[in-house]
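What the coordinates show
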Amino acid sequence: MSIRISIFFLFAVAGLFIRLQAQVKFNPELLNDPKKNGLLVSTMLSTQEVYEYKQDPSLKCVYLENGFRTPKFVNENDWLLIKDTVEAYRIDIVYSKYPLHNGMYEEIYPLLLNRIKTTIEMDPELNDEHYEWNKVLQTHCTSDKQVNTLYHGVVIWYRLNKKQELNADTLHEEEPVEIVKEEIPFEQDHYKNMVESVDHIKKSGALPDSLKLALEGRPVQEQSAIIKEFLEEKLKNSKDIDLSKATKEEKNKYKKQVDEFMSRYQGSEKVVEDVLNRHPEWKNVIVVNDWTGSMYGYGAQVLKWHLLNFEKSGITSITLFNDGDSKTTDKKRVGETGGIYSEEADNVPQLIDLFNISMLKGTGGDGPENDIEGILKAQEMYPDHAGIILIADNNACVRDIELADRIGEPVKIILCGYKEKYGVNPDYVYLAKKTGGGIYTIEQDIEDIQASVGAAGEIVDFPDTRIKLSSKKCGGGSWMGSTDYTEKVFDDYNKAKRHKKKIRKLELVKQHHEEIPRGVYKMKKLNHLDMSNNAITKVSSKISKLEYLKVLNLSNNSIIELPSELGEVDFIEELYLSNNQLSHVGSEITAMSFLKILNLSNNRIEKIDSYNRMKKLEDLNLSGNNLSELPKSFSMLKKLKKLNLSNNKFKVFPVSLLGLSKLEELDLSGN
């Protein structure tokens, strides 16, 4: 009887509210009594959850800020100054799902209703039933201090009228107005994964009883942070282990730890074990392991197989990648997403701690993973390896697939989650073909893959009948039959703008440009930019947006200095800056670890910074400058074959060159 009365009362209040409001969305009488009407008002707003809400200045919306615990705005004029010139259509109230009590969040109705009141008091016209109102709850909340760093406020979305759009086109002829799908990029909520991970670790032997007791009653985010800090300190102070010298008792102890670890992840198909058993010839290999969500069971198989087969195992190290340590999507840069952890395979207890740390740090984010970055980091850390095994998720795209050609050696891909009827994710076919590697399932070894591929992650032709491609669409390109932009060279900027999402090569030579056009920085897939022989004096910091750039030619301009952000374009292989006015070479160049060719001839260079990551540099031209010495770090250029130091101010032979055993050509004339 009491339930029927409550339901009747709820509908009665709702009916009264609708009759009272007419064209009004929120009746002030409801907003003034949060205790009585909080639930009702809350249900009038649709709810979305995001990991972290980020402001995007490129979207047509105003971000009003009011802090974590207050409804008052600090910048209401940002809306009041434009409200009469635009058309609002949506209002989002952004706040945090915090604090949690026993893992549960209880909505704070007084704060929600007061934020609505503050908004419609600022602009009563927004209180209209025609506007869409939403709640956006952020889930990346670990402590008071961390939550205060997040955005809390009201976002008002608006449209320009026809006349304004025409004016905008006129004002920005260089950059045509782009149609933006006006939606919040809501990310997957991984709170459930965090709860499960914390619970598993607490039940394992990884934590002392005293710490488990201290965790009781705390919000799960706080527990996660405490456990991470404990395991990181434990890992830092742990001693290295040589399994070949371990006693039988020690090995049994490690086996017990691994069995406990494996017990969390029952149900995963035994593809990793089966493939490793099939290939005892794989020796001195590094395993690079996707350590996100559904992949935990497969990574645990690596650990168990290695321990049980230590005498014949060829695994020397394990690298985990979790796609950014809970980093939000807008902060993930290709090749620098992060969340990568490595340990030598002998150290079983340390590896278990490492798996747990990476898991706790890896909650949140979007679907694509940073497979290639994980491989490149593992190569750098363990340069003496003889092979690479990738434990890959067939259901996940590869965020950085266009970096595959940087690997330079075969990748053996053990494919997890593969179903024959659905096929193989095209990203992994591309990766195997591009590197000369193979794909390995429970039943098949698919090597020498028959396919034609482009440079940007696309498969052009696929006649191989042993497997079929899945229909999954990833960011590397549209599979088969698409226009191939890999080799197409654009030399007309206006034409290039119309293909900005696909263009790979842009050559604007001798066109009197005084700067790199702003629209170039929107050509996200660009890998070759030649703007030599222009009148450029300055390079914008936006150069860092060209994440895939391999070749940059700015020779024969008037550039005086370079932005530090140039050093963030990590994968440049060829950089041409001859005949400019540079006087100093800093980390904006010397930080480029993939650089092979560097031409800085005919500048005014007097000094080169000692910081040096150019370990792949093969050809360096510094002729026609004002150098009298080289930093000691030049001795690290072990792959350098050709060096031109002619027409400088050297008086003695640079001693830092004495260790360059690969050097074939050296020009010191004119000194």
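How each quantity is defined
Residues numbered from 1 in each chain as written. Predicted model: local features only at pLDDT ≥ 70, side-chain atom pairs only at ≥ 80, totals over all residues. Heavy atoms only, no water. Helix = DSSP H or I, 4+ residues; strand = E, 2+ residues; numbered from the N terminus. Buried < 20%, exposed > 50% of the residue type's maximum accessible area, 1.4 Å probe, protein only. Areas by Shrake-Rupley, 256 points an atom, 1.4 Å probe, with all protein chains shown as cover. Phe/Tyr/Trp six-rings, centres within 6.5 Å; stacked < 30°, edge-to-face > 60°. Lys NZ or Arg CZ within 6 Å of the ring centre and 35° of its normal. 1 Å grid on protein atoms, 1.4 Å probe; cavity = no way out; pocket = protein on both sides within 12 Å on 5 of 7 lines; lining within 4 Å. Points joined across faces, edges and corners; volume = space filled by probe spheres on them. Nonpolar A, V, L, I, M, F, W, Y, C, P; charged D, E, K, R; others polar. Contact = heavy atoms within 4.5 Å. Core = buried A, V, L, I, M, F, W, Y, C linked by side-chain atoms within 4.5 Å. pLDDT = per-residue confidence, 0-100. Axes fitted to C-alpha atoms, helices over the stretch in contact; angles between N-to-C directions. Parallel < 35°, antiparallel > 145°, perpendicular 65-115°, else oblique. Left-handed = near helix turned anticlockwise from the far one by under 90°. Pairing = 2+ DSSP bridges. Salt bridge = Lys/Arg side-chain N within 4 Å of Asp/Glu carboxyl O.

Right, let's talk about the overall build of the protein chain for a bit. A tally of regular secondary structure across the protein chain gives 18 helices and 27 strands. For the protein chain, buried positions account for 53% of its 671 residues. Counting every atom, the protein chain has about 32100 Å² of accessible surface; 50% of that belongs to carbon and sulfur.

Our focus in this paragraph is the packing of aromatic side chains. Any pair of aromatic rings gets described here by the distance separating the centres and the angle formed by the planes. One pass over the full model with this rule turns up 8 aromatic pairs. Pairing Phe26 with Trp133 gives two aromatic rings, centres 4.9 Å apart and planes at 80°, and the pair type is edge-to-face. Of this pair, Phe26 sits in the loop between helix H1 (2–21) and helix H2 (28–31) while Trp133 sits in strand E6 (residues 132–138), placing them 107 residues apart in sequence. We note that Phe26, like Trp133, is buried. Joined through ring pairs, the aromatic side chains of Tyr53, Tyr63 and Tyr151 make up one cluster. The ring centre of Trp157 lies 4.3 Å from the NZ or CZ of Arg90, which sits over that ring. The ring of Tyr89 carries the charged tip of Arg159 above its face, separated from the ring centre by 3.9 Å.

A word on the layout of surface pockets. Put simply, the second largest pocket is a space of about 760 Å³. Lining the second largest pocket are 26 residues, and of these Gln379, Glu380, Ser593, Phe594 and Lys616 lie nearest its centre. Classifying every residue of the lining of the second largest pocket gives 6 nonpolar, 5 polar and 15 charged.

This next bit is on empty space enclosed by the protein. For the structure on display, the rule yields 3 cavities of 30 Å³ or more. By volume, the largest cavity amounts to about 60 Å³. Along the walls of the largest cavity sit Leu276, His279, Pro280, Trp282, Val285, Trp305, Lys312, Ser313, Gly314, Ile315 and Ile389, which together make up its complete lining.

Structurally, His528 can be placed in strand E19 (residues 528–530). Look at His528 and you get buried, because its relative accessible area is 18%. Apart from the residues lying within four places of it in its own chain, the contact partners of His528 are Arg504, Lys505, Leu506, Glu507, Leu549 and Val551.

Ranked by internal contacts, the top residues of the largest apolar core, which has 82 residues, are Trp79, Ile116, Leu126, Trp133, Val272, Ile315 and Ile391. Top contributing element to this core by residue count: helix H14 (residues 348–361), with 8 residues. Once you skip the residues sitting within four places of it in the chain, Trp79 turns out to touch Val62, Leu64, Val86, Ala88, Met122, Asp123, Leu126, Ile156 and Tyr158. Membership of the second largest hydrophobic core comes to 50 residues, among which are Leu546, Leu562, Phe634 and Leu643.

Once that is clear, we can look at the confidence of the model for the protein chain. Scored by pLDDT, the protein chain has a mean of 81; 88% of the residues are at 70 or more. Per-residue pLDDT stays below 50 along residues 162–189; that stretch engages in 45 contacts with residues further than four places along the chain or on separate chains. Low pLDDT, under 50, characterises residues 477–482; the predicted model gives this stretch 15 contacts beyond four residues in sequence or across chains.

One can describe the packing of helix H12 (residues 271–278) onto helix H13 (residues 296–308) by two numbers: an axis separation of 8 Å at closest approach and a directional angle of 40°. Between H12 and H13, the interaxial angle falls into the category oblique. The crossing of H12 and H13 is right-handed. Within the contact between the two elements, H12 uses Val271, Val272, Glu273, Leu276 and Asn277 and H13 uses Tyr298, Gln301, Val302 and Trp305. Tallied by class, residues from the contact of H12 with H13 come to 6 nonpolar, 2 polar and 1 charged.

This brings us to the sheet that holds strand E13 (residues 438–440). Spatial strand order, E10-E9-E8-E11-E12-E13-E14: 7 strands in an open sheet with mixed pairing. Only two strands of the sheet have a single neighbouring strand rather than two, namely strand E10 (340–344) and strand E14 (445–447). Averaged over all pairs of adjacent strands, the angle between strand axes in this sheet comes to 20°, irrespective of strand direction. Those strands touched by H12 are strand E9 (315–321), strand E11 (387–393), strand E12 (411–416), E13 and E14, and its axis lies near 145° from that of E12.

To continue, consider the environment of Met523. Along the polypeptide, Met523 turns up in the loop between strand E18 (505–507) and E19. Judged by relative accessible area, Met523 falls into the buried class, the value being 0%. Taking the C-alpha atoms as reference points, Met523 and Lys502, 21 residues apart in sequence, are found 7.5 Å from one another. Those residues in contact with Met523 that lie beyond four places of it in its chain are Tyr493, Ala496, Lys497, Lys500, Ile503, Leu506 and Leu546.

Under the definition given, this model contains 16 salt bridges. Here Asp445 and Arg278 are joined by a salt bridge, their closest N and O atoms 2.5 Å apart. In this pair, Asp445 sits in strand E14 while Arg278 sits in helix H12, placing the two residues 167 residues apart along the sequence. Here Asp445 falls in the partly exposed class, since its relative accessible area comes to 32%. Notably, a salt bridge pairs Asp405 with Arg406, separated by 3.1 Å at the nearest N-O pair. Since its relative accessible area comes to 28%, Asp405 is described here as partly exposed. What you see here is one network of salt bridges that share partners, running through Asp405, Arg406, Lys550 and Glu573.

Moving on to the pairing of E11. The buried count for E11 comes to 7 of 7 residues, which makes it a mostly enclosed element. Here E11 shows a buried face lined by Gly387, Ile389, Ile391 and Asp393 and a second buried face lined by Ile388, Leu390 and Ala392. Pairing of strand E8 (residues 285–290) with E11 involves 5 bridges; the strand directions are parallel. Across the sheet, residue Asn289 finds its bridge partner in E11, namely Ile391.

So, on to the sheet that holds strand E7 (residues 153–159). Ordered in space as E1-E6-E3-E7-E2, the 5 strands form an open sheet in which the pairing is mixed. Only two strands of the sheet have a single partner each, and these edge strands are strand E1 (46–50) and strand E2 (61–65). When the angles between neighbouring strand axes are averaged without regard to direction, this sheet yields 25°. Here E1 pairs with E6 via 5 bridges, running parallel. Each residue of the ladder has a partner; that of Ser46, found in E6, is Asn134.

Moving on, we get to the packing of helix H3 (residues 34–43) against helix H5 (residues 109–122). Where H3 contacts H5, the two axes come as close as 9 Å, and the packing angle between them is 70°. Classed by the angle they form, the pair H3 and H5 counts as roughly perpendicular. Here Pro34, Gly38, Leu39, Val41 and Ser42 of H3 come into contact with H5, specifically with Tyr109, Pro110, Leu112, Leu113 and Ile116. Residues of the contact of H3 with H5, tallied by class, amount to 8 nonpolar, 2 polar and no charged.

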